[in-house]
Amino acid sequence: MAHTIGFLGAGRMASAMIKRLLSKGYDVKVWNRNKAKLEPLVTLGAVACDTPAMAAKDVDTVISFMSDDAAARSVWLGDDGALAAMRKDSIAIECSTLSHGFVLELSKTIEAAGVRYVDSPVTGIPADVEAGNTIFLIGAAPETLDRITPILNDTGKKTIHFGPIGSGTVYKLMHNLLGAVHIAAAAELVAVAQKAGLDGQTVADTFAIGANASGSGLMTVPGMVSGNHHENIHFTNVLRAKDASYALALVKDLGMATPVGQSAYEVFEKATKSGLGDLAQSAVIETLKA
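Quantities reported herein were computed from a predicted structural model and do not represent experimental measurements. Residue numbers here run from 1 along each chain, matching the order of that chain's written sequence. Since the coordinates come from a predicted model, pLDDT governs what is reported: local features require at least 70, and pairs of side-chain atoms require 80 or more to be given and counted, while whole-chain, interface and lining totals use all residues. Based on all heavy atoms of the structure, the side-chain values leave hydrogens and waters out of the count.

### Some details on the environment of F235
Secondary-structure assignment places F235 in the loop between α10 (215-226) and α11 (237-253). F235 has contacts with N176, R240, D243, L279, A280 and Q281, leaving out every residue within four places of it along the chain. Secondary structure elements follow DSSP: runs of H or I of four or more residues count as helices, runs of E of two or more count as strands, with numbering from the N terminus. Contacts are assigned to residue pairs that have any heavy atoms within 4.5 Å of one another.

### Let's talk about helix α4 (residues 69-77)
Here's how the labels work: a residue is buried when its accessible area is under 20% of the maximum for its type, exposed when over 50%, partly exposed in between, all with a 1.4 Å probe on protein chains only. Along α4, the residues that are buried comprise D69, A71, A72, V75 and W76. Down the axis of α4, the buried side of the element spans an arc of 160°, and every buried residue falls inside it. One side-chain oxygen at the N-terminal end of α4 lies 3.3 Å from the backbone nitrogen of A70; it belongs to D68. The arc in question is the one traced by the directions running from the helix axis out to the C-beta atoms. Side-chain atoms alone can form a polar contact between residues adjacent in sequence; in general such a contact is a pair of N or O atoms within 3.5 Å, and within protein one must be able to donate a hydrogen while the other accepts it.

### Side note on the UniProt feature "domain: 3-hydroxyisobutyrate dehydrogenase-like NAD-binding" (unreviewed entry) in the protein chain
UniProt positions are given in the numbering used here, feature names are shortened, and annotations may be inferred rather than shown by experiment. Taken from the UniProt record, the annotation "domain: 3-hydroxyisobutyrate dehydrogenase-like NAD-binding" (unreviewed entry) applies to residues 166-287. For residues 166-287, the helix share is 70%, the strand share is 0%, and the end-to-end C-alpha distance is 34 Å.

### Regarding the pairing of strand β2 (residues 27-31)
For β2, a buried count of 4 out of 5 residues is recorded, marking the element as mostly surrounded by other parts of the structure. At least two DSSP bridges between two strands are needed for those strands to be called paired. Sheet topology note: the strand β1 (residues 4-8)/β2 ladder contains 5 bridges and is parallel. Its bridge partner lying in β2, G6 is registered against K29. A clockwise path from the first strand over the helix to the second, with the strands pointing away from the viewer, defines a right-handed crossover. With respect to chirality, the unit in which β1 leads through helix α1 (residues 12-23) into the neighbouring parallel β2 is right-handed.

### Some details on the nonpolar core
The criterion is simple. A nonpolar core is a set of buried Ala, Val, Leu, Ile, Met, Phe, Trp, Tyr and Cys residues joined through side-chain atoms within 4.5 Å. F7, M17, L21, I63 and F65 are the most contacted members of the largest nonpolar core, which has 31 residues in total. Broken down by secondary-structure element, the contributors of at least two residues to this core are β1, α1, β2, β5 (91-94), β8 (134-139) and α7 (142-155). If one sorts the elements of this core by residue count, α1 sits on top with 7 residues. Once residues lying within four places of it in the same chain are set aside, the contact partners of I63 are I5, G6, F7, L8, M17, L21, I93 and C95. Among the nonpolar cores identified, the runner-up in size contains 24 residues, and V190, A204, M224 and L276 belong to it.

Pasting the structure below:
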């Protein structure tokens, strides 16, 4: 019998992982607030559920991909939340990028109910996830990680165990803050070059072969040059600003300061407040144009 997994969420990353799980022979029960997003997954064989609790009932593993702390709290702990329906000693895998403080709070609540918690944010874009190239950034007890290793191996290309619960989130938050820095700086490069009269495509091509090119920059510079921020959206400005704010909260909790990260956060926050929040991250360049 196929292993059945409960899944909370059907956004870009969640849908990509569900497709991967289905392709590897898993049965998937999935809940999402927007029911329309479930239709393509149901066509592929997933079972749509009306509540998070229904998705979590009678399964040994539940995976969540939510946008922020509030959404994660709701699906795990809210009315008809998943936790109340989960079996003792089953496993909650939280792949969302959440604040460090909330991960520690949520994990304590879940484990107090007799369910094992895995802190498992991921890196990659939806296409990577669907292709099985996810990198899992794990914070968990070793014995819990051992139990889900077959699932992680089927859905990703690498699992990195940083240590106890919360440690995967520490790395993910700082990783995403670094991405914010790269994209904000690349936007400055392109904006200044274009303002000075350089050809945009030449700038993009030269950036791509330079020593300072990064994955984040390579993904966003073409959109900065073309001005098309509405297609092939892998990640939005509002989500980048959210992740950066969570990273800065972690930095503050540790009694540290990250002035470069702070500046990058402000770029994405400005973009979001300017009405660019749901567009591709390349849209941050619009905040720099005079």
